[in-house]
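# Examining the three-dimensional arrangement
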Amino acid sequence: MTTGTTLLLARHGQTVWHAENRYAGVSDVPLTDTGRAQAEALGRWAAAHPVDAIWTSPLSRAVATAEPACRALGLTPRREPGLRECDFGVLEGRTLAEFAAEDPAAAEAFRTDPVAHPFPRAEDPAAAAERGTAALRRIAAAHPGERVLVVAHNTLFRLVLCTLLSIPAREYRRVFPRLRNVAISELRMNTDGSAALLSLNVPCAPEVP
């Protein structure tokens, strides 16, 4: 009997927009020196907790974060377009506080229900959740009974976790306030299509304020 797949979800390392909490989204911003150190810590974690495969978002910050783990285990990373971060529209490169100063009503609507009221010109969060969930299901189907490291993004992972755990997507900011950089969240993808969250935000590197 084939068992389910263990997905080890890791958000990419710190980027140059991290300190000011700017939305990166589909903008291809690089890692900082701290982010690269976090990636090396993820590589050491992978060496101590081997996985069978490594998949990443196509964005460079995720690919760079996965590279030390790939090197440690002698694995070739596989890129999955469905794992890219959400497009945040007019918020790309900006903070929520900046947006609130410009349009307080729209910012408050987003805070109340970020799925019903996404940022202007942003990707539909429900569609992002659907593509991210489909991507994880494809990865799980390709690796029955195996352990897979998946490096991607904060908002996408939170939306997908809500979908897989039957939590209303509009609650993603409340239920999962933040996935820490390179922390591991263990997700069991069962053969019947269900999923179980076994751990959340387990650090493999020192926390960055």
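What comes next is a walk through the structure. What you see is a predicted model; the values in this text were computed from it and never measured. Here the residue numbering is sequential within each chain, running from 1 through the sequence in written order. Owing to the predicted nature of the model, reporting of local features is limited to residues with pLDDT of at least 70; listing and counting of side-chain atom pairs is limited to 80 or more, with chain, interface and lining totals taken over all residues. In computing side-chain values, all of the structure's heavy atoms are included and hydrogens and water are not.

## A closer look at the side chain of E92
In DSSP terms, a helix is any run of H or I states spanning at least four residues, a strand is any run of E spanning at least two, and both are numbered starting from the N terminus. Here E92 shows up in the loop between β3 (78-79) and α3 (96-102). Under the scheme applied here, a residue whose accessible area is under 20% of the maximum for its type counts as buried, over 50% as exposed, and between as partly exposed, the area being computed with a 1.4 Å probe on protein chains only. Only four residue types enter the charge count: Lys and Arg as positive, Asp and Glu as negative, with His and the chain ends excluded. Put simply, a salt bridge is a Lys or Arg side-chain nitrogen that is within 4 Å of an Asp or Glu carboxyl oxygen. Despite its burial, E92 pairs with no opposite charge; the closest candidate is R61, at 6.7 Å N-O. Polar contacts involving the side chain of E92 include one to the main-chain amide nitrogen of V26, which spans 3.1 Å. Any two residues whose heavy atoms approach within 4.5 Å are treated as being in contact. With sequence-adjacent residues up to four places away left out, E92 is seen in contact with Y23, A24, G25, V26, S27, C86 and D87. The term polar contact refers here to a pair of N or O atoms within 3.5 Å; inside protein, the definition further demands a hydrogen-donor-capable atom paired with an acceptor-capable atom, and it admits residues adjacent in sequence only when both atoms are side-chain atoms.

## As for the pairing of strand β1 (residues 5-11)
With seven of seven residues buried, β1 is to be regarded as a mostly interior element. Side chains of β1 alternate between two faces, with T5, L7, L9 and R11 and T6, L8 and A10 buried alike. At least two bridges found by DSSP between two strands are what make those strands a pair. Sheet topology places β1 next to strand β5 (residues 184-189); six bridges connect them, and they run antiparallel. Within β5, the residue paired with A10 across the bridge is I184.

## Observations regarding the sheet that holds strand β4 (residues 147-152)
On the basis of which strands lie adjacent, the open sheet formed by six strands has the order β3-β2-β4-β1-β5-β6 and mixed pairing. Both outer strands of the open sheet, β3 and β6 (195-202), are each paired with one neighbouring strand and no more. Each axis is a line fitted through C-alpha atoms, taken for helices only over the stretch in contact, and angles between the N-to-C directions span 0 to 180 degrees. Packing of helix α6 (residues 154-164) onto the sheet brings it into contact with β1, β4, β5 and β6, and relative to β1 it is tilted by some 145°.

## Topic: the packing of helix α1 (residues 33-48) against helix α2 (residues 60-73)
At a minimum axis separation of 7 Å, α1 and α2 run at an interaxial angle of 35°. Viewed along their axes, α1 and α2 form a crossing whose handedness is right-handed. Contacts between α1 and α2 involve A39, E40, L42, G43, A46 and A47 from the former and A64, T65, P68, A69, R71, A72 and L73 from the latter. Considering only residue class, the contact of α1 with α2 consists of nine nonpolar, two polar and two charged. Each helix crossing is assigned a hand: it is left-handed if the near helix lies turned anticlockwise from the far helix by less than a right angle, otherwise right-handed if that turn is clockwise. Each residue is assigned to one of three groups, with Ala, Val, Leu, Ile, Met, Phe, Trp, Tyr, Cys and Pro labelled nonpolar, Asp, Glu, Lys and Arg labelled charged, and all others, Gly among them, labelled polar.

## Notes on the side chain of N181
On the secondary structure map, N181 appears in the loop between α7 (172-175) and β5. Reaching out from N181, the side chain makes a polar contact with the backbone oxygen of H12 at a distance of 2.8 Å. A polar side-chain atom of N181 sits 3.5 Å from a polar atom in the side chain of H18. Dropping the residues within four chain positions of it, N181 is found in contact with R11, H12, G13, Q14, H18 and Q38.

## Some thoughts on the pairing of β6
Pairing geometry for β5 and β6, over five bridges, is antiparallel. Opposite I184, over in β6, you have V202 as the bridge partner. Hairpin connection from β5 to β6: five residues lie between these consecutive antiparallel strands, with G193 at a positive phi of about 95°.

## Brief notes about the pattern of salt bridges
Per the stated rule, a full pass over the model turns up 11 salt bridges. For R22, the salt bridge is made with E20, and the minimal N-O distance between the two is 2.6 Å. Note on R22: relative accessible area 21%, which makes it partly exposed. What emerges from the salt-bridge pattern is a single network uniting E20, R22 and E98.

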